[in-house]
Structures are given as structure tokens and as C-alpha cells.
Amino acid sequence: MFLHIGGHGSVEDLAASVGKVFRAMEERPPATPRAEVDPAKTSLPPGRIEEILGGKGDFKDGVLRFVFGKTARMHGEKVGAAMGVNTWAAFAGSDAQAVVDGDFAMEESELQAVLKALRKAGIDVVAIHHHMTGEEPRIVFLHYWGVGPAVIPELGGQL
């Protein structure tokens, strides 16, 4: 995997920040989150998750999936959720051990805040990329994967 970085500041501050990353990589290899979740046995409460996410989920084959549309313009035409400009999240498992898989569609200016929120919650970023060219505003897609308890008390009960 490759991760390109950029920063602004003094050479000393930049070197110190990059050095922290190198030391962290040496101290502990990144763990791949794993879960033994059988979607057929999902016991997550859809109502609670819908309340937290502020939308109605689609429960099918043991997976609770949410889709939230976003709009942009491409070559002067409006594009939205039906054209793939959407954020989605799919949940399976139990309160004690759940998995979430999904994709955020966001404006480029929102990327850093989303990255920080996902990492604070212990959710792994799988990919960041574009699906389109020439759209306004610029839309970035971020795929993620998380394993853990459905409710994270230190985040105020959010999933």
C-alpha cells in the first residue's frame, strides 16, 4: 500500500511528525480487524441504529444497510444517489461484536474531518479515490471497515 502525505510548516516540525509515523510502524504492526459474524444470525437492533444514523435502513439477509445521497453537478447536469453519489453503511453481527462496511461520498473539503472521526472510532480506512471527473463540487469516495461492539460509550453511544 502507498500513502502519499503533504504538510506545511518548518522542516523540523514536518520531520518530527513523519518520524512519529515511522516509529509507530516499528513498534507494532497494524492489526487486521477480524470478526466471526454470520449475517444469518444478526441480532443488531435496527431501530437503535436508525435512530443514531438518522435514517431508515434496509434489512435483508441479516445485513442492515443505509444509503444517504449526495448531489453534485457533472458537465452541467445534476447527479445524485441514483447515479452512485451516495454514502452507504452495512451492519451485521450483535451488540457485542458487530461489523460495519461502507463508503462515504463527500466533498473534498470534508475528507480530513471524516478521516479523523473514523480513526477516533477505531474504524479502518480501506481506500480513498474518485469515481468521476469534472464534477462540482469535487466528490471523494472513502471505503471503510470496522469491527467491534455496536455501541462505543466513549463516543456518546454512537456506532
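What you are looking at is a predicted structure, and each value in this text was computed from that prediction instead of being measured.

Colleague: Would you explain the overall build of the protein chain in this entry?
Modeller: Along the protein chain, the regular secondary structure elements total three helices and nine strands. The order of α-helices and β-strands along the protein chain, N terminus first, is α-α-β-β-β-β-β-β-α-β-β-β. Across the 159 residues that make up the protein chain, the buried fraction comes to 30%. Look at the contacts in the protein chain between residues 6 or more apart in sequence, and 52% of them connect residues 24 or more apart.

Colleague: Would you mind going over the pairing of strand S6 (residues 98-107) with me for this structure?
Modeller: In regular strands, side chains alternate between the two faces of the sheet. Across the ten residues of S6, seven count as buried, placing the element largely inside the fold. Across six bridges, strand S5 (residues 86-93) lies against S6 in antiparallel orientation. The residue of S6 that forms the bridge with Ala 89 is Gly 102. When S6 meets strand S9 (residues 139-148), the two strands line up antiparallel, connected through ten bridges. If you follow Gly 102 over to S9, its bridge partner there is Tyr 144.

Colleague: Looking at this model, I keep getting lost on the pattern of salt bridges. Mind explaining?
Modeller: Side-chain pairs of opposite charge can arise whenever the charged atoms involved come near each other. Evaluated as defined, the whole model comprises five salt bridges. Lys 70 is the salt-bridge partner of Glu 110, the closest N and O atoms lying 3.2 Å from each other. Note that Glu 110 is positioned in the loop between S6 and helix H3 (111-120) and Lys 70 in the loop between strand S2 (63-69) and strand S3 (72-74), a separation of 40 residues in sequence.

Colleague: I'm lost on the nonpolar core in this one. Help?
Modeller: The tendency in soluble globular proteins is for nonpolar side chains to be buried as a group. Phe 91, Leu 142 and Tyr 144 are the most contacted members of the largest nonpolar core, which has 19 residues in total. At the level of secondary structure, the elements contributing two or more residues to this core comprise S2, S5, S6, H3 and S9. When residues of this core are assigned to their parent elements, the largest contribution, four residues, is made by H3.

Colleague: What's the story with the side chain of Glu 135 in this structure? I'm lost.
Modeller: Secondary-structure assignment places Glu 135 in strand S8 (residues 135-136). Note on Glu 135: relative accessible area 5%, which makes it buried. At a separation of 3.2 Å, a polar atom in the side chain of Glu 135 contacts the side chain of Arg 138. A polar side-chain atom of Glu 135 sits 2.8 Å from the main-chain amide nitrogen of Ile 139.

Colleague: Please clarify how the sheet that holds S8 should be interpreted in this entry.
Modeller: In any sheet, the strands associate via hydrogen bonds between backbone groups, in a parallel or an antiparallel arrangement. What the three strands build is an open sheet, ordered S4-S3-S8; its pairing is antiparallel. Every other strand in the sheet has two partners, leaving strand S4 (77-79) and S8 as the edge strands with one partner each. Both S3 and S8 contribute to a ladder of two bridges, which runs antiparallel. The residue of S8 that forms the bridge with Arg 73 is Glu 136.

Colleague: Any chance you could explain a nonpolar patch on the surface here in plain terms?
Modeller: Together, Val 21, Phe 22 and Met 25 give the surface a local cluster of nonpolar side chains, amounting to about 320 Å² of exposed area. Of note, Phe 22 is situated in helix H1 (residues 11-27).

Colleague: Would you mind showing me how to read the environment of Val 85 here?
Modeller: As for its position among the elements, Val 85 is in the loop between S4 and S5. Judged by relative accessible area, Val 85 falls into the buried class, the value being 0%. Residues Val 85 and Met 106 lie 21 residues apart in sequence; the distance between their C-alpha atoms is 8.7 Å. Those residues in contact with Val 85, other than ones at most four positions away along the chain, are Gly 69, Lys 70, Val 79, Gly 80, Ala 105, Met 132, Ile 139 and Phe 141.

Criteria and thresholds
Residues numbered from 1 in each chain as written. Predicted model: local features only at pLDDT ≥ 70, side-chain atom pairs only at ≥ 80, totals over all residues. Heavy atoms only, no water. Helix = DSSP H or I, 4+ residues; strand = E, 2+ residues; numbered from the N terminus. Buried < 20%, exposed > 50% of the residue type's maximum accessible area, 1.4 Å probe, protein only. Contact = heavy atoms within 4.5 Å. Pairing = 2+ DSSP bridges. Salt bridge = Lys/Arg side-chain N within 4 Å of Asp/Glu carboxyl O. Core = buried A, V, L, I, M, F, W, Y, C linked by side-chain atoms within 4.5 Å. Polar contact = N/O pair within 3.5 Å; in protein donor to acceptor, adjacent residues only side chain to side chain. Patch = residues over 30% accessible without salt bridge, like charges linked within 9 Å, V, L, I, M, F, W, Y side chains within 5 Å. Areas by Shrake-Rupley, 256 points an atom, 1.4 Å probe, with all protein chains shown as cover.

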